[in-house]
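# Close look at the chain arrangement
The residues making up each chain are set out below.
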Amino acid sequence: MNKRSFYISTLTLLALVTFSTCEKNLMDGDPNYSPEANFEYLWKQVDEKYSYFDVKNIDWDEVYTEYSARVHSNMPNEAFFNLMFEMLGTLKDGHVNLRSSFNVSRYNISYDAPENFNGRLLEDYYLEPNELNHFNLSEHSYITGPLRHQIFPVNGQFIGYIHYGSFSNPISDYDIEYTLNRMRPTKALIIDVRQNGGGAITNIFQMINRLTEEKYYIYGTVIKDGPAHDDFGELMKVYNEPEGQVKYNKPVVILTNRNCYSATTFFAAALKAYPQVTQVGDTTGGGAGAPHGGQMPNGWYYRFSVTRSGYPANDTLYDFETGVPPDVYVNMDPADEANGHDTMIDTAITLLVNQTK
């Protein structure tokens, strides 16, 4: 299959029309727009089309019992919206939203996780030449398109560093090839995607296709195609396609935290197939289901995950909806931070130096 025609963006919202022309007041007396009718509609849409009930051990019938008892005919719009917000929150899925003219529901998978990123510390102690910097840098970091990069001198050799803040920001061929060409003197490379909340799947391939000469089966996807919770279509296999004049085939570490979501989770999952790549940090935030949705009778829009994806592992697929676990688990140490050190970057440097001895 053509990677560029599948999942053009994991964060693309539904095409919306102006709310003021279509949204109905739940209090207008029409039974089609009553809270009860809208609850039944939304619950059934999720019941028949959501893709992760079993993975997350969600009893959707039990959810029905709990929330249907709290719906009543004289609920104001805001009260009903907040109740549906709460109900959809039981899915614990960042690709689930309810959108009205006055609010948008959302779920943040990283609420209960360490931040594991300190932008100011990164700036002062790693990326820019100043009296605080650990590497006595003589050159400022480069910003090429959405990629910020630097070269760290370590024990007589060089370790490259690239930070990519969002897969929503397009990477051109020039951006990635210039950046990797600058990394030619390095022995190894760190790609930091912490805090990257996702974006366009196509940008994943712009990066991973230049980190190998080999073609790998990187993940598989199935689409919900029936009303039963286990109704899915045929497995679609997705492969990388090595390309570009400039490639980087040396050891690579990718840094992840729980704020790595959606396309960034796919990025980490895809690189599990690459033998020279090691993932360091925390498990990604998940978000492996492509969202799709529609419109409720009252005019509100909803979306939720309707696909499932996994990467090959031991002759099966490891479903990464709840995140891609690191090869080396490490959190930021507050004592390190107090002394100007990023525990994850330091761990990556140590690992890469040992690999390239």
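Just so you know, the residues in each chain are numbered from 1, in the order the chain's sequence is written. The predicted nature of this model means local features are confined to residues of pLDDT at least 70 and side-chain atom pairs, given and counted, to a pLDDT of 80 or more, with totals for whole chains, interfaces and linings taken over all residues. Excluded from the side-chain calculation are hydrogens and water; included are all heavy atoms of the structure.

Before going further, it helps to spend a moment on the confidence of the model for the protein chain. Predictor confidence is given residue by residue as pLDDT, running from a minimum of 0 to a maximum of 100. When pLDDT is averaged along the protein chain, the result is 90, and 90% of the positions lie at 70 or above. Every residue pair with non-hydrogen atoms within 4.5 Å of one another is taken to be in contact. Here residues 1–22 is modelled with pLDDT under 50, and outside its nearest four sequence neighbours on either side it reaches 65 contacts, counting other chains as well.

Right, let's get into helix H6 (residues 173–182). Accessible area is worked out with a 1.4 Å probe on protein chains only. A residue is then buried under 20% of its type maximum, exposed over 50%, and partly exposed in between. Put simply, DSSP H or I for four residues or longer makes a helix, DSSP E for two residues or longer makes a strand, and each gets a number counted from the N terminus. Buried within H6 we find Asp-175, Ile-176, Glu-177, Thr-179, Leu-180 and Arg-182. The inward-facing, buried residues of H6 abut strand E2 (142–144), strand E3 (147–154), strand E4 (157–164), strand E5 (188–192) and helix H7 (201–208).

For two strands to be treated as a pair, DSSP must find at least two bridges joining them. Ordered by their spatial adjacency, three strands build an open sheet running E1-E11-E10, and the pairing between neighbours is antiparallel. Edge positions in the sheet fall to strand E1 (97–99) and strand E10 (291–295), since each of these pairs with one other strand and no more. Across the sheet, the axes of successive neighbouring strands diverge by a mean angle of 15°, strand direction being ignored. The axes used here are C-alpha line fits, helices contributing only the stretch in contact, and every angle between their N-to-C directions lies in the interval 0 to 180 degrees. The sheet contacts of helix H2 (residues 35–49) involve E10 and strand E11 (301–305), and relative to E11 the element is tilted by about 20°.

On to the packing of H7 against helix H8 (residues 263–270). The interhelical angle for the contact between H7 and H8, taken along N-to-C directions, is 30°, at an axis separation of 9 Å. Regarding H7 and H8, the two cross each other, and that crossing is right-handed. Residues Ile-201, Ile-204, Met-207 and Ile-208 of H7 pack against Ala-263, Phe-266, Phe-267 and Ala-270 of H8. The nonpolar class holds Ala, Val, Leu, Ile, Met, Phe, Trp, Tyr, Cys and Pro. Asp, Glu, Lys and Arg form the charged class, and all remaining residues, Gly among them, are polar. For the contact of H7 with H8, the per-class residue count stands at eight nonpolar, no polar and no charged. Handedness of a crossing follows from how the near helix is turned relative to the far one, being left-handed for an anticlockwise turn of less than a right angle and right-handed for a clockwise one.

This next bit is on the pairing of strand E6 (residues 217–223). With five of its seven residues buried, E6 lies for the most part within the structure. Both E6 and strand E12 (residues 307–313) contribute to a ladder of four bridges, which runs antiparallel. Its bridge partner being in E12, Ile-223 is matched across the sheet by Thr-307.

Strand order across the open sheet formed by four strands is E7-E6-E12-E13, with antiparallel pairing between neighbours. The sheet terminates laterally at strand E7 (236–239) and strand E13 (316–319), the two strands that pair on one side only. Mean inter-strand twist for the sheet, computed between neighbouring axes without regard to direction, equals 40°. With respect to the sheet, H7 is in contact with E6 and E7, its orientation differing from that of E6 by roughly 165°.

Once that is clear, we can look at the packing of H2 against helix H4 (residues 77–89). Between H2 and H4, the shortest axis-to-axis distance is 12 Å and the interhelical angle comes to 20°. The orientation of H2 with respect to H4, classified from their angle, is roughly parallel. Seen along the crossing, H2 lies across H4 with a hand that is right-handed. Every residue of H4 that contacts H2 at Pro-35, Asn-38, Phe-39, Leu-42, Trp-43 and Val-46 is listed here: Phe-80, Met-84, Met-87 and Leu-88. Among the residues forming the contact of H2 with H4, the class breakdown is nine nonpolar, one polar and no charged. Put simply, angles under 35 degrees are roughly parallel, angles over 145 are roughly antiparallel, angles from 65 to 115 are roughly perpendicular, and the rest are oblique.

Let us now look at helix H10 (residues 343–355). By definition here, a helix of n residues has an expected span of 1.5 Å times n minus one. Over its 13 residues, H10 extends 18 Å from the first C-alpha to the last, a length consistent with the 18 Å expected when each residue adds 1.5 Å. Among the residues of H10, those classed as buried are Thr-343, Met-344, Ile-345, Ala-348, Ile-349, Leu-351, Leu-352 and Val-353. With a side-chain oxygen lying 3.0 Å from the backbone nitrogen of Met-344, the N-terminal cap of H10 falls on Asp-342. Two N or O atoms count as a polar contact when they lie within 3.5 Å, although within protein this holds only if one can serve as hydrogen donor and the other as acceptor, and sequence-adjacent residues are included solely when both atoms are side-chain atoms.

This brings us to the pattern of salt bridges. The term salt bridge refers to a side-chain nitrogen of Lys or Arg lying within 4 Å of a carboxyl oxygen of Asp or Glu. Taken as a whole, this structure holds 18 salt bridges when the rule is applied. A salt bridge links Glu-123 to Arg-148; the shortest N-O distance between them is 2.8 Å. On the criterion of sequence distance, the pair formed by Glu-123 in helix H5 (residues 119–127) and Arg-148 in strand E3 is long-range, its members being 25 residues apart. Judged by relative accessible area, Glu-123 falls into the partly exposed class, the value being 29%. Each of the salt bridges in this network shares a partner with another, and the network as a whole consists of Asp-173, Glu-177, Arg-210 and Glu-243.

The subject of this paragraph is the side chain of Asn-209. Residue position: Asn-209 is located in the loop between H7 and E6. Residue classification places Asn-209 among the buried residues on the basis of a relative accessible area of 0%. A polar atom in the side chain of Asn-209 sits 3.2 Å from the side chain of Glu-243.

Right, let's get into the environment of Asn-257. Topologically, Asn-257 is positioned in the loop between strand E8 (252–256) and H8. For the pair Asn-257 and Arg-308, spaced 51 residues apart in sequence, the C-alpha separation works out to 21 Å. Non-local contacts of Asn-257, meaning those with residues more than four positions away in its chain, are made with Glu-115, Asn-116, Phe-117, Arg-194, Gln-195, Asp-282, Thr-283, Thr-284 and Gly-285. At 2.6 Å, the side chain of Asn-257 and the side chain of Gln-195 are in polar contact.

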